[in-house]
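Structural features, examined
Take a look at the letters that make up each chain.
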Amino acid sequence: MWEPSVADTPPTSGNSPDFDAIVVGAGPAGSAAAIELARSGRSVVLVERGPFPGSKNMYGGVVYGRILDTLVPRWWTEAPIQRWVTRRQTMMMTGEQALTVDYRTEAWGRPPFNGATAYRPDFDSWLADKAVQAGATLVCSTTVTGLIRSGGRVVGVRTDRPDGDLRAPVVVAADGVNSFLAKEAGLYGEVDPANYTVGVKETIALPRHVIDERFAVRGDHGVDIEIIGATGDVPGGGFIYTNTDTVSIGLVLSMPALARSDKRPEELLARLKAHPAVRP
Ligand SMILES: Cc1cc2nc3c(=O)[nH]c(=O)nc-3n(C[C@H](O)[C@H](O)[C@H](O)COP(=O)(O)OP(=O)(O)OC[C@H]3O[C@@H](n4cnc5c(N)ncnc54)[C@H](O)[C@@H]3O)c2cc1C
């Protein structure tokens, strides 16, 4: 049995189980599963295709804390956050107009904190490290390429490493929303593109004091703006989040409607950035 650690190569031992559980994907779901399994005394390996957890992951940028309360008590004392969201806006816009509901509270800037902006490479690495601290083995730069079955059961996974098969009675497919492992296992059928959106995001560097002035926040407080009507004829929404010294701005767009439109996502994002309520 391997010592709990960050491993360079996946451990293998013929046909007998190497671990009690294999978790595929060190995103938030995979790391959460690995933390719980390791804490309950199970041997667990967390396999990530990227060179480190979060290296391939992107999203808008706000982490909401309540689920973390049970997973990592007092997470706010150590999580790698950019700014605490103390101001939240819902903006409804047409081509030239905007109406905004603006809510702010200092309470969200104190424990237990409501939400925070974060970068996924920082956040995912931190959460995966919690799994390692709990006793999980983290193996990066390793892609799971398929399932190993025996007698109708899944008994392990194949990886892209030579002799890199891993065996365990339980495999957790935390390889993202398009989980090809869940599809291979027959647990996830054909997906309907109508239920999917595509996200685009730009992260713009600005000095910290400029962000403080433009968004009317101070210290480590920040803003989360959700935007309705930012996507023209394509159903979807927009967002703007403040990080410490960058601003994230992006769109989430219905895939079939985007395909039908003659527009590219970056054109719609450029239009949002040029909107009179956003440009300043
Ligand atoms: C544009 C956009 C904006 C978003 N904004 C927010 C937001 O502001 N706040 C929020 O809470 N959520 C947001 N989300 C949603 C959030 O990103 C997801 O809910 C979250 O990432 C899902 O976590 P996960 O662990 O299930 O999957 P993922 O984060 O996708 O992680 C899957 C992991 O598995 C790894 N992996 C995949 N295949 C393999 C394989 N074969 N072998 C090994 N490793 C593999 C990947 O490298 C990755 O690390 C946003 C999503 C998008 C697209």
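Please read all numbers here as calculations on a predicted model, not as lab measurements.

Criteria and thresholds
- Residues numbered from 1 in each chain as written.
- Predicted model: local features only at pLDDT ≥ 70, side-chain atom pairs only at ≥ 80, totals over all residues.
- Heavy atoms only, no water.
- Pairing = 2+ DSSP bridges.
- Helix = DSSP H or I, 4+ residues; strand = E, 2+ residues; numbered from the N terminus.
- Near = heavy atom within 4 Å.
- Polar contact = N/O pair within 3.5 Å; in protein donor to acceptor, adjacent residues only side chain to side chain.
- Areas by Shrake-Rupley, 256 points an atom, 1.4 Å probe, with all protein chains shown as cover.
- 1 Å grid on protein atoms, 1.4 Å probe; cavity = no way out; pocket = protein on both sides within 12 Å on 5 of 7 lines; lining within 4 Å.
- Sits in = over half its atoms within 2 Å of the grid points.
- Nonpolar A, V, L, I, M, F, W, Y, C, P; charged D, E, K, R; others polar.

Strands pair in a sheet through their backbones, by hydrogen bonds, and they do so in one of two ways: parallel or antiparallel. Ordered by their spatial adjacency, three strands build an open sheet running E9-E10-E11, and the pairing between neighbours is antiparallel. The open sheet is flanked by strand E9 (144-150) and strand E11 (166-167), the only strands paired with a single partner. Relative to strand E10 (residues 153-159), E9 runs antiparallel, the two sharing six bridges. Note that in E10 the partner of Gly146 across the bridge is Arg158.

All right, on to the site of the ligand then. Around the ligand sit 24 residues in total, of which Ala29, Glu48, Gly60, Val62 and Arg120 are the nearest. Residue Arg120 places a side-chain N or O atom 2.6 Å away from an oxygen atom belonging to the ligand. For the ligand, whose unbound accessible area comes to 1000 Å², protein coverage reaches 70%. Of the pockets mapped on this structure, the ligand occupies the largest pocket. In the shell around the ligand, the residues fall into 10 nonpolar, nine polar and five charged.

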